[in-house]
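One letter stands for each residue in the lines below.
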Amino acid sequence: MNLQTAEDELDVSLEIEDYHGSQAGFIPFLHDVADEVFVFDGYRQYQDEILYEAVEELYLNGTQNIIIDAPTGIGKSPVNVAIARVGTYLNEQSLPIQQHFGVSLDLDEGNGFYCTPQKQLRNQLAEDDDLQEYVDMLKSRSDYICGETGSPCNDCPVLSDPDSSCMQEPACTYWDAKMDAIESNAAVLTFAMLVVDDNIPKSVETEHGEERVGFGNRDVVIVDEGHGIENQAASLFAGFTVSPFSLPNRVFADAGDNVSWDAERIEDVSGQLIGIAKRAE
């Protein structure tokens, strides 16, 4: 179920005129929006506090990065989904909201990514009966079966033909799922898939005209298990070993050189910085 229309899917029954037309009035309005789009009838302990503070920081204070540190079992997933859904509603009602409360909503499309570090967590969301209808999930090609050949979509013969595409084929279950996710306001995918998608074209020219094939930028990126994001990013690259056997001597020589933190002037360390920069280059 795509989160595309506030009237049909977000079902928010609030009247802006019931709130004081000021930034102070926007805060209770924001909390009430969060309550209305939360996927359950009530909150577990601390869920509402986390959700309220997060949406205030994101949609009122313009904070760029938020870390939610909460114990296992508190129910972070529904809070994460609600954060994205609040953005959807604010974007669709942005003009009357900004005019009434005098706030600035820096939203492009009001949509978000929900990224998991691994397939296991992504599959948990897919199997959660209470959450799956509020997000659209994109898995890897190998997780989809071609409706034409009966083989996994990563074995599709069209993939090896640069002049062909199965984007328009109704039997292509992978592209069907990807287009649903692209058009959705809450797309669930692994962090690795998000990084890969960022490095492919966002649209291509086909016989049917320009076709969108990538997600593009979104307003909110939610990274589940965010404490492991460094390892998630590092695992995407093979890396290389820095040693006298893998690098020329002129590069490896003095590779352990560093700049003293006690230096008070740039002139005191400029020579070392130039040497380090040359070796890096």
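Each value, and the rule that gives it
- Just so you know, the residues in each chain are numbered from 1, in the order the chain's sequence is written.
- Reporting in this predicted model follows two pLDDT cut-offs: at least 70 for local features of residues, and 80 or more for side-chain atom pairs to be given and counted; totals over whole chains, interfaces and linings ignore these cut-offs and use all residues.
- The basis for the side-chain values is all heavy atoms of the structure; hydrogens and waters are excluded.
- Site definitions follow a grid-based scheme: protein atoms alone, a 1 Å grid, a 1.4 Å probe that fits but cannot get out for cavities, and for pockets an open set with protein on both sides within 12 Å along at least five of seven lines, plus lining residues having an atom within 4 Å of a point.
- Grid points are joined across faces, edges and corners, and a volume is the space filled by probe spheres set on the points.
- Segments assigned H or I by DSSP are reported as helices when at least four residues long, segments assigned E as strands when at least two residues long, and all are numbered from the N terminus.
- By the convention used here, strands pair only if DSSP detects at least 2 bridges between them.
- For this analysis, a salt bridge means a side-chain nitrogen from Lys or Arg found within 4 Å of a carboxyl oxygen belonging to Asp or Glu.
- Burial classes follow relative accessibility: with a 1.4 Å probe on protein chains only, a residue under 20% of its type's maximum area counts as buried, one over 50% as exposed, and anything between as partly exposed.
- Helix axes are fitted to C-alpha atoms over the stretch in contact, other axes to C-alpha atoms as well, and angles between N-to-C directions run from 0 to 180 degrees.
- Roughly parallel here means an angle under 35 degrees, roughly antiparallel means over 145, roughly perpendicular means 65 to 115, and every remaining angle is called oblique.
- Helix crossings fall into two classes, left-handed where the near helix is turned counterclockwise from the far one by less than a right angle and right-handed where it is turned clockwise.
- Note on definitions: a residue-residue contact is assigned when non-hydrogen atoms from the two residues lie within 4.5 Å.
- Each residue receives one of three labels: charged for Asp, Glu, Lys and Arg, nonpolar for Ala, Val, Leu, Ile, Met, Phe, Trp, Tyr, Cys and Pro, and polar for the others, Gly being one of them.
- Classification of ring pairs uses Phe, Tyr and Trp, with its six-membered ring standing for Trp, and accepts pairs whose centres are within 6.5 Å; under 30 degrees between planes counts as stacked, over 60 as edge-to-face, and the remaining range as tilted.
- Confidence of the predictor at the level of single residues is given by pLDDT, which spans 0 to 100.

> What am I meant to see in the layout of surface pockets here?
A probe matching the size of a water molecule, rolled over the atoms, marks out where space remains unfilled. When its volume is computed, the largest pocket comes out at roughly 1700 Å³. Lining the largest pocket are 50 residues, and of these Ile66, Asn80, Val221, Ile222 and Val223 lie nearest its centre. For the lining of the largest pocket, the secondary-structure elements that each account for two or more residues are helix 3 (47-59), helix 4 (76-92), helix 6 (119-126) and strand 6 (220-223). No other element matches helix 4, which puts five residues into the lining of the largest pocket.

> What is the right way to read the sheet that holds strand 1 (residues 112-116) from this model?
Note: strands within a sheet are paired through backbone hydrogen bonds, in either parallel or antiparallel orientation. In space, the four strands of this open sheet follow the order 2-3-1-6, with parallel pairing throughout. The open sheet is flanked by strand 2 (136-137) and strand 6, the only strands paired with a single partner. One ladder, built from two bridges, connects strand 2 with strand 3 (residues 186-190); its direction is parallel. The residue of strand 3 that forms the bridge with Met137 is Val188.

> For this particular structure, what's the right way to read the pattern of salt bridges?
Pairs can form between side chains of opposite charge once their charged atoms are near each other. Within this structure, the stated rule accounts for two salt bridges. The residue Lys178 makes a salt bridge to Asp197 at a minimum N-O spacing of 3.6 Å. Of this pair, Lys178 sits in helix 7 (residues 173-183) while Asp197 sits in helix 8 (residues 191-197), and the two are 19 residues apart along the sequence. Residues Lys178 and Asp197 agree in their burial class; the two are buried. In this structure, Arg265 engages Asp268 in a salt bridge whose closest nitrogen and oxygen atoms are separated by 3.1 Å.

> What am I meant to see in the environment of Asn217 here?
With respect to the element layout, Asn217 can be found in the loop between strand 5 (209-212) and strand 6. On the accessibility criterion, Asn217 (69% relative accessible area) is exposed. On a C-alpha basis, the gap between Asn217 and Leu60 in space is 20 Å, while along the polypeptide they are 157 residues apart.

> Looking at this structure, I do not really get the packing of helix 2 (residues 23-37) against helix 4. What am I missing?
Between two packed helices, both the angle of their axes relative to each other and the distance between the axes serve to describe the pair. Close contact between helix 2 and helix 4 brings their axes to 9 Å; oriented N to C, the two are set at 120°. Classified by the angle their axes make, helix 2 and helix 4 are oblique. In this structure, helix 2 meets helix 4 at a crossing whose hand is right-handed. In contact with Phe26, Phe29, Leu30, Val33, Ala34 and Val37 of helix 2, helix 4 contributes Ala82, Arg85, Val86, Tyr89 and Leu90. Along the lines of polarity and charge, the residues of the contact of helix 2 with helix 4 split into 10 nonpolar, no polar and one charged.

> I would appreciate a short explanation of the packing of aromatic side chains in the present structure.
Each aromatic ring pair is specified by the distance between its two centres and by the angle formed by the two planes. Evaluated as defined, the whole model comprises 11 aromatic pairs. A centroid spacing of 5.1 Å and a plane angle of 35° characterise the contact between Phe29 and Phe101, whose relative ring orientation is tilted. Taken together, the residues Phe29 in helix 2 and Phe101 in helix 5 (residues 94-101) connect sequence positions 72 residues apart. On the basis of relative accessibility, which here comes to 3%, the residue Phe101 falls in the buried class.

> Teacher, can you tell me more about the confidence of the model for the chain here?
The predicted coordinates should not be examined in detail at positions where pLDDT is low. Taken residue by residue, the chain gives an average pLDDT of 83. The fraction at 70 or more is 93%. Per-element confidence in the chain is highest for helix 3, whose mean pLDDT is 96, and lowest for helix 1 (residues 6-10), whose mean pLDDT is 47. Counted against residues more than four places away or in other chains, residues 1-8, with its pLDDT under 50, gives 27 contacts.

> Sorry, what's going on with the pairing of strand 5 here?
Side-chain positions along a regular strand alternate between the two faces of the sheet. Judged from the four bridges that link them, strand 4 (residues 203-206) and strand 5 form a sheet pairing that is antiparallel. Counterpart to Ser203 in the pairing with strand 5 is Arg212. Counting the residues that bridge the hairpin from strand 4 to strand 5 gives two residues.

> Is there a simple way to explain unusual backbone geometry in this structure?
Negative phi values dominate among residues other than glycine, just as trans dominates among peptide bonds. Even without glycine at this site, Tyr46 takes up a positive phi of about 80°. On the secondary structure map, Tyr46 appears in the loop between helix 2 and helix 3. Relative accessible area serves as the criterion here: at 41%, Tyr46 is assigned to the partly exposed category. Despite not being glycine, Glu225 has its phi angle at roughly 55°, a positive value. By the element assignment, Glu225 lies in the loop between strand 6 and helix 9 (229-234).

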